[in-house]
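Secondary and tertiary structure notes
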Amino acid sequence: MSKQTLVIVESPAKAKTIEKYLGKGYKVMSSIGHIRDLPKTNKDAVDIEGGFIPRYIISPGKEKVIEGLQSAAKKSDEVILAADPDREGEAIAWHVAEMIKKQNKNLKRVAFNEITKDAILEAIEHPRDIDINLKEAQEARRVLDRLVGYELSGLIWKKVRYGLSAGRVQSPALRIVMEREREIRAFVPDDYFVLTAQLKESKDVLPFVCTTEPDNEKEANRIKEIGESHDWEIKSIKESEAKRAPRPPFTTSTLQQTASTRLGFTPSRTMGAAQKLYEAGHITYMRTDSPTLSSQAQKQILAYITKEHGKNYVSPRTFKSKSKSAQEAHEAVRPTTFTKLSAGTTADQKALYELIWERAVASQMADATLKRTKLLTNVTNAKEEIPDFSVNGSRVIFDGWLKVDFRARGEDTEVPKLSEGNILKCKEVEVEAKQTQPPNRYTEAGLIKELEKRGIGRPSTYASIMNTIVQRGYVAKEGRTLIPTDTGDVVSSFLEKHFAEYIGDDFTSEMENELDEIATGERTYKKTLTDLYTPFKKAVDAKEDIEKLTTLGDGPKEFPCPVCGAGMVKKLGRNGTFLSCSKFPDCDGARLIDGAEVKPDEPIGNHPETGEPIFVMNGRFGPYVQLGETPEKVKGKKAEKPRRATLPADVKPEDVTLEDAVKYLLLPRELGSHPKTGEPVMANSGQFGPYIAHAGDFRSLKDPKDNPYEITFARAMEILAEPKTLRKGEKLIKELGVNPKTRKLINVFESKSGRYLKKGFKRIGIPDSITTEKLTLEDAIDLLKQK
C-alpha cells in the first residue's frame, strides 16, 4: 500500500492550488484560518499568575473542521503542516498540531515563500519541526494586545465614556494623527507673493518665475514695476544630466502605500487582492519587510529584460532592508513567473499584479538619464536690482527602468531654445498673493510610512491598524485623508495625559523589538511579558482614582446657555462634542458645537388615523420620520422603538409635509409570505434606494414603475424569481434553506477560489472534508458562527 501524506494549509484556495502540484499519495486540506483563539472575556483569557498562559478555546464553527482534520490525520502515514511562512502561520501550524497529535504523531512543518511547483516540492523535501520561538512571538503579541487593550479600554470606559477603546498599537497611531492635527490647528499662515514675468521672444510668450518669494506686497510691486518698464536678457543657461534610479521591489508597507497613491486602494483592499494572488500562485508571500530578491528570481528578471529590451537596459541590483528589524517572510513581494504579464481573476487583482510586476522588473533595470535645463534672466540697464527669474525644463534622454514603470515617468517639460544674451520684451509681470499652508493631514499611505519609520507595528498589522481607528470612529476618511473626530481627539488627549510613556514612540518601538527577539530566541516569552506588563498594570491601577472626565473645558463665551444664561462647557456625546449648560443637571440647556441652539423636536402634525405626533429627525444614518414620541430610557428595561422611516435620498427634511411623512411611514410593507419558505416578503427603502427583501435576499427596484409604496406581492415574486446578479466568476450551486435564528437564506457559492458561504460581505470557506452533496443546513450554520 502506498504512503499517504496529509498536507494542511490555512486557506481553501491555497489548498486547491497546492493540490495541483502534488501527485498521488497526497491529500491537501484547509484549517480555514485559526482553529483556536482566546475567549472574549478577559478574566478567562490569560492565566497571568501562572506565567501568562493563554487559555485557548476552539473558535466558533470550527468543531467540524477539526473533526475532519483529525479523521484525515488518523488515516495518514504522516502530516505536513504547510501554513504561511511567518509568525501567524507558525502559530496556526502549532494549534493544528495540538489538535491532531493524538491521531498522528508523525508531524512535520514546511514553509515556502511562493506557491509554485518547484517551491512546494523543494519544501516537502526539507521538512523541519515547528519553530516554538516563532509561535511564542505571535502568542506574546496576541496576549499583550489583549491585556493592554482591556486594561486601557476599561479605564477609558470608567473615566471618559462607555464603549470607547484603546490598544497597544492603535493608540500610538491615533496619537500620531492627533499630533499632526494640533500642528494644523496651531498653524499661523504667512503671506508671500509669487511673481511670473511673461516675456516675449519673437511670437512666443514664455513664463519666467521669480527665484525669491517676497513676503510683503510693497516689495512685490517694486519688482513688478521695474520688470514691466525694462527689457530682459538671458543671463545664463545651465544644462546638466541627472540619473534616476529605480525603487526596490515591494515590501508590505511600500505595496500598500503605492497601491493607495496609484490605484486608490485602502490597505485592507490591497492585502485582500494580494492574498488571492498569492494563494493562486501568482506572487510571493505578501507580508514581508524585506526588499531582497532570490538569485533565481533575479536571473529570471535579467533574462526577460535582455530579451525584451536589450542588454543596455540591464543593471543587476541588490537591495537591503532599511527596517530596524526586518522579519516575517524574507523576500520581497514579486511575481512568481516574470513572463506572465497579467494575472488575477478580478480587476483589483489584475491592477495590483501589474503594479507588483512593474516594480520588481524595474528594480533590475538601468538608471534613467534626464537632461535638466535652467534658464536665468533679469532686467537690463535698471538702476535698482531685482531677483533673477527662471524657467526649468527636464526631458528623458534614456528611459531605462521608466520603460517598464512608465507611470513613474512624469511629463517632459521642454525649455525654449534661447542663447545667452538674447533680449526679451516684457508683456507683464503677474503678482499672485499666497499664504503658507499648514502641514497636510495623513493619508493611509502616509500614516503607514510614518509608522514604519518610527518602528511601530509590523507588516501584518498595518491594514488592521487603519481599519481599527476608522471603525472605532476615532478617525474619519475624506477621500484618502484621515481626519481625527471629536471622539478620537478626546481619547488620544486622555491617553497622552495619563499614559504618555506607554503610547510614545520609544516605548512602542522598543516593545516591538523585544517581541521580535522572542522569535530569534534572544528573549523568553514569560520574562518579556512580565517585564512589559507588570509596570504597565501598576500605571493603570494608579489612575483608578483620577477624576472622571465629565467636561472637555469651557465653551466659547459668546454662546451662553439658551435656557438660563449661564456659561457652557464642552462635552463628548455619542455624535461628537456639544455644548452643555455648566449647571447641568439643574439646567438642561444645550447647543451644537457651532453655537446653534438644541431645541426639543416639534411635530409637523398628527397621524390622521392614530392621532400620534409625527417628527422629522436626524440620526447617525441620515434624516428620517418618526411616529410618536421617543420613550424615556428606564434602567433595566428595553424601551419599544417608535415606528421610523428613512427619507428618500432626494428629499430634504425641511421639505417634508405631513402627507409625505404618512406615506413614508407605510414602509416597511409586508406584501405576503413566500410559498417556499413561509418567510415574509417585504418592500422598503434604504440608504441605496427602494428594494424588496426576503430572508436576507435583497433586490433593488430598478424599474421606475416599481415603487415600495405600491408594488404588489405578485410583482415582488416575479423579481425574486429572476436570477440574482452575482460577481464575475461566481455561481450558486446549492440552496440550503433558511437559518431559523437569523431568518436568512443560506446558499452555497463557488468560484475559482473554491466553495463558500456568505456572511455579509465576507466569504466563509467550506472544508474539503464536507462535500456539497452532504453539506446540511446545520453544517452551514456551524460554519457561519466562526469569526
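Quick caveat: nothing in here was measured; it's all calculated off a predicted structure. (Residues numbered from 1 in each chain as written. Predicted model: local features only at pLDDT ≥ 70, side-chain atom pairs only at ≥ 80, totals over all residues. Heavy atoms only, no water.)

Topic: the sheet that holds strand β22 (residues 622–627)
With antiparallel pairing, the 4 strands of this open sheet are ordered in space as β20-β21-β22-β23. The strands lining the two open edges of the sheet, one partner per strand, are β20 (605–606) and β23 (643–646). Here strand β21 (residues 613–619) runs beside β22; their pairing, made up of 6 bridges, is antiparallel. Across the sheet, residue Ile614 finds its bridge partner in β22, namely Leu627. (Pairing = 2+ DSSP bridges. Helix = DSSP H or I, 4+ residues; strand = E, 2+ residues; numbered from the N terminus.)

Thoughts on the side chain of Arg109
When you line up the elements, Arg109 lands in strand β8 (residues 107–109). Looking at Arg109, the relative accessible area reads 0%, which means it is buried. Reaching out from Arg109, the side chain makes a polar contact with the backbone oxygen of Leu81 at a distance of 3.4 Å. Among the polar contacts made by the side chain of Arg109, one reaches the main-chain carbonyl oxygen of Asp84 at a distance of 2.9 Å. Those residues in contact with Arg109 that sit more than four places away from it in its chain are Leu81, Ala82, Ala83, Asp84, Pro85, Gly89, Glu90, Ala93, Pro127, Arg128, Asp129 and Ile130. (Buried < 20%, exposed > 50% of the residue type's maximum accessible area, 1.4 Å probe, protein only. Polar contact = N/O pair within 3.5 Å; in protein donor to acceptor, adjacent residues only side chain to side chain. Contact = heavy atoms within 4.5 Å.)

Re the pairing of strand β7 (residues 78–81)
Taking every second residue as pointing to the same face, both faces of β7 are buried, with Glu78 and Ile80 on one and Val79 and Leu81 on the other. Taken together, the 4 bridges between strand β1 (residues 5–9) and β7 define a ladder with parallel strand orientation. Within the sheet, the bridge partner assigned to Leu6 lies in β7 and is Val79. As paired elements, β7 and β8 share 3 bridges and run parallel to each other. Opposite Val79, over in β8, you have Leu107 as the bridge partner. Chirality of the crossover, the property in question, places the unit of β7, helix α4 (residues 87–100) and β8 among those that are right-handed. (Right-handed = clockwise from strand over helix to strand, strands pointing away.)

A look at the environment of Glu432
Mapped onto the elements, Glu432 comes out in strand β14 (residues 423–435). You can call Glu432 partly exposed: its relative accessible area is 44%.

Comments concerning the packing of aromatic side chains
Counted under the stated rule, the structure contains 13 aromatic pairs. When the ring of Tyr278 is compared with that of Tyr285, the centres are 5.1 Å apart and the planes differ by 65 degrees; the resulting orientation is edge-to-face. No difference in accessibility class separates Tyr278 from Tyr285, as the two residues are buried. Seen in terms of ring centroids, Tyr691 and Phe698 are 5.6 Å apart; in terms of plane orientation they differ by 65 degrees. Their pairing is edge-to-face. For Phe698, a relative accessible area of 46% gives the class partly exposed. Here a set of aromatic residues connected by ring pairs shows up, and it is made of Phe52, Tyr502, Phe507, Tyr533 and Phe536. Just above the ring of Trp94 sits the side chain of Lys135; from NZ or CZ to the centre is 3.9 Å. Between the NZ or CZ atom of Arg180 and the centre of the ring of Tyr442, over which it lies, the distance is 4.3 Å. (Phe/Tyr/Trp six-rings, centres within 6.5 Å; stacked < 30°, edge-to-face > 60°. Lys NZ or Arg CZ within 6 Å of the ring centre and 35° of its normal.)

Considerations on the pairing of strand β25 (residues 680–686)
Two strands pair when backbone bridges link them, and strand β24 (residues 669–673) and β25 are joined in this way by 4 bridges, in the antiparallel orientation. What sits directly across from Glu670, in β25, is Met682. Remark: 6 residues form the turn of the hairpin made by β24 and β25, two consecutive strands paired antiparallel; Gly678 in that turn has positive phi of roughly 80 degrees. As paired elements, β25 and strand β26 (residues 689–694) share 6 bridges and run antiparallel to each other. Of the residues in β26, the one forming a bridge with Val681 is His694.

Regarding unusual backbone geometry
With the exception of glycine, most residues fall at negative phi, and the peptide bonds are largely trans. Across the junction of Phe584 and Pro585, the peptide omega takes the value 15 degrees, indicating a cis bond. Summarising the element assignment, Pro585 is placed in the loop between β18 (576–581) and β19 (590–592). The omega torsion across Leu667 and Pro668 is -5 degrees, close enough to zero to call that bond cis. Among the secondary structure elements, Pro668 is positioned in the loop between α18 (658–664) and β24. Even without being a glycine, Ile32 presents a positive backbone phi close to 50 degrees. With respect to the element layout, Ile32 can be found in the loop between β2 (26–30) and β3 (36–37). Although it is not a glycine, Phe52 adopts a positive phi angle of roughly 60 degrees.

Description of the sheet that holds β18
Reading across the sheet, the 3 strands line up as β17-β18-β19 and stay open at both edges, with antiparallel pairing between neighbours. If you trace the sheet from one side to the other, it starts and ends with β17 (568–573) and β19, each paired once. Adjacent strand axes in the sheet meet at a mean angle of 35 degrees, parallel and antiparallel pairs treated alike. Of the strand pairs in this sheet, β17 and β18 are connected by 6 bridges, and their pairing is antiparallel. When the sheet's bridge partners are listed, Met568 is paired in β18 with Cys581. (Axes fitted to C-alpha atoms, helices over the stretch in contact; angles between N-to-C directions.)

From the geometry alone we can't say anything about function, so treat these as descriptive.
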